[in-house]
Amino acid sequence: MSKAKVHSLTGRITSRLMRQAFQAVKRNRGAAGVDRVSIKMFEANLEDNLAALMREMKGGSFRPLPLRRVHIPKGPGTKKLRPLSIPVVRDRVAQEVVRRLLAPIFEPRFHDHSYGFIPGHNCHQAVERVLECHRQGYLAVLDADIQGFFDNLPHSVIMAAVATEVSDGNILNLLERFLTAGVMEDGGFKPTTIGTPQGGENTASCECIPALRVRPVD
C-alpha cells in the first residue's frame with residue numbers, strides 16, 4: 001500500500017503563520033534585496049504587507065523577485081570569495097512560510113546524525129557523537145565534501161524529491177519559483193537553471209531552509 005501524500009498545505013497558510021514567519025525573518029536580520037526594502041520598512045505596514053503576500057501565496061499569483069548577488073571573503077586572510085544571494089524581505093517571509101510547512105514532513109526522514117539546521121540538533125551533539133565513536137574504539141575520521149554540490153543540484157531532483165511526499169500543486173509551484181527566481185549581479189539578470197541559492201547567515205535563502213534542501217537518508 002503506497003503512502004499517502006500531503007495535499008492540503010496551502011490551507012495551512014494563515015495570518016498567524018505569516019506573522020510567525022515574519023518574526024523569524026526579523027530575528028535573522030539581513031540586508032535588503034533588489035527592491036531595497038528593509039525589514040524595518042516592510043514592518044512599517046506589516047499587516048497589509050502580510051495580508052497581500054498571503055493572498056498571492058494562496059491564490060497562486062506569487063512571483064519572487066530575483067535575488068541580489070554579492071560576494072564576500074570565504075574567511076579571514078583569504079582572497080577567495082563566496083557568493084551570497086539575498087532575497088527581498090517579502091520573499092524571505094514567503095520562504096519561511098514554506099519552510100515551516102515542509103520541515104515537519106521532511107525533517108523526520110533526515111539521518112539521526114544530521115546536525116545542521118535541524119531543531120533539537122546542534123554542534124555540541126555532533127562533537128559528543130565523535131567522542132562516543134572514539135570511546136567505542138574508532139580511530140579514524142573521514143572529512144569529505146562535495147565541492148559546489150548545492151550549486152549544481154538539478155532542480156528536477158529537488159522537485160521530484162519533494163513531490164514524493166507533497167501533492168499540493170500550489171506549494172510545489174511556489175518552491176519551483178523560488179529555485180528559478182534568478183539573480184541580479186553587476187546590474188544584470190542571470191537566470192538560475194540549476195542549484196539552490198546560497199545565502200548568508202542573516203538571510204532566509206534556500207540555504208537556511210532544510211526542507212528545500214532535501215537531505216538523503218542513508
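Residues numbered from 1 in each chain as written. Predicted model: local features only at pLDDT ≥ 70, side-chain atom pairs only at ≥ 80, totals over all residues. Heavy atoms only, no water.

A. Here's a closer look at the overall build of the protein chain. Broken down by element type, the protein chain carries seven helices and four strands. Partitioning the contacts of the protein chain with sequence separation of at least 6, the portion at a separation of at least 24 is 70%. Only carbon and sulfur atoms are counted for the fraction: they give 55% of the accessible area of the protein chain, which is about 12600 Å². (Helix = DSSP H or I, 4+ residues; strand = E, 2+ residues; numbered from the N terminus. Contact = heavy atoms within 4.5 Å. Areas by Shrake-Rupley, 256 points an atom, 1.4 Å probe, with all protein chains shown as cover.)

B. A look at the pattern of salt bridges. Evaluation of the coordinates by the stated rule reveals 10 salt bridges. Here Arg135 and Glu132 are joined by a salt bridge, their closest N and O atoms 2.9 Å apart. Residue Arg135 and its partner Glu132 are located together in helix α5 (residues 123-135), separated by three residues, close to a single helical turn. The structure contains a network of salt bridges with shared partners spanning Glu56, Arg90 and Asp91. (Salt bridge = Lys/Arg side-chain N within 4 Å of Asp/Glu carboxyl O.)

C. Examining the pairing of strand β1 (residues 67-73) more closely. The pairing of β1 with strand β3 (residues 183-185) spans two bridges and is classified as parallel. Considered in β3, the bridge of Leu67 is made with Val183. (Pairing = 2+ DSSP bridges.)

D. The arrangement of the packing of aromatic side chains in detail. Applying the stated criterion across every chain, the model contains three aromatic pairs. For the pair Phe149 and Phe150, a centre-to-centre distance of 4.9 Å together with 75° between the ring planes defines the contact as edge-to-face. Note on Phe149: relative accessible area 35%, which makes it partly exposed. (Phe/Tyr/Trp six-rings, centres within 6.5 Å; stacked < 30°, edge-to-face > 60°. Buried < 20%, exposed > 50% of the residue type's maximum accessible area, 1.4 Å probe, protein only.)

E. Here's a closer look at α5. Over its 13 residues, α5 extends 19 Å from the first C-alpha to the last, a length consistent with the 18 Å expected when each residue adds 1.5 Å. Where α5 begins, the capping side chain belongs to Asn122, and its oxygen is found 3.0 Å from the backbone nitrogen of His124. (Expected span 1.5 Å × (residues − 1). Polar contact = N/O pair within 3.5 Å; in protein donor to acceptor, adjacent residues only side chain to side chain.)

F. A look at the packing of helix α4 (residues 89-106) against helix α7 (residues 169-179). At a closest axis distance of 11 Å, the pairing of α4 and α7 adopts a crossing angle of 130°. Classified by the angle between their axes, α4 and α7 sit oblique to one another. For the crossing formed where α4 meets α7, the hand is left-handed. Contacts between α4 and α7 involve Asp91, Ala94, Gln95, Val98, Leu101 and Leu102 from the former and Ile171, Leu174 and Phe178 from the latter. (Axes fitted to C-alpha atoms, helices over the stretch in contact; angles between N-to-C directions. Parallel < 35°, antiparallel > 145°, perpendicular 65-115°, else oblique. Left-handed = near helix turned anticlockwise from the far one by under 90°.)

G. A look at the sheet that holds β1. A sheet is described by the order of its strands in space; here four strands give the open sequence β2-β1-β3-β4, paired in mixed fashion. Edge positions in the open sheet fall to β2 (81-86) and β4 (188-190), since each of these has one partner strand only. Strand-to-strand twist across the sheet, computed as the mean angle between neighbouring axes with direction ignored, equals 40°.

H. Structural view of the confidence of the model for the protein chain. Counting all residues, the mean pLDDT for the protein chain is 87, and 89% of those residues have values of 70 or more. Under a pLDDT of 50 for its full length, residues 200-218 has, in the predicted model, 62 contacts with residues more than four places off or in other chains. (pLDDT = per-residue confidence, 0-100.)

I. Looking closely at the nonpolar core. Residues Ile13, Met18, Met57, Val93, Val97, Leu102 and Val166 are the most contacted members of the largest nonpolar core, which totals 37 residues. Mapped onto this core, the elements with two or more residues apiece are α1 (15-28), α2 (39-44), α3 (46-59), α4, α6 (155-163) and α7. Ranked by the residues each element gives to this core, the list is headed by α4, at nine residues. Leaving out residues up to four positions away in the same chain, Val166 has contacts with Lys5, Val6, Leu9, Leu102, Ile105, Phe106 and Leu172. (Core = buried A, V, L, I, M, F, W, Y, C linked by side-chain atoms within 4.5 Å.)

J. Seen up close, the side chain of Asp91. Here Asp91 is to be found in helix α4. Looking at Asp91, its side chain comes within polar contact range of the main-chain nitrogen of Leu65, at 2.8 Å. Once residues within four sequence positions are removed from consideration, Asp91 is found in contact with Phe62, Pro64, Leu65 and Phe178.

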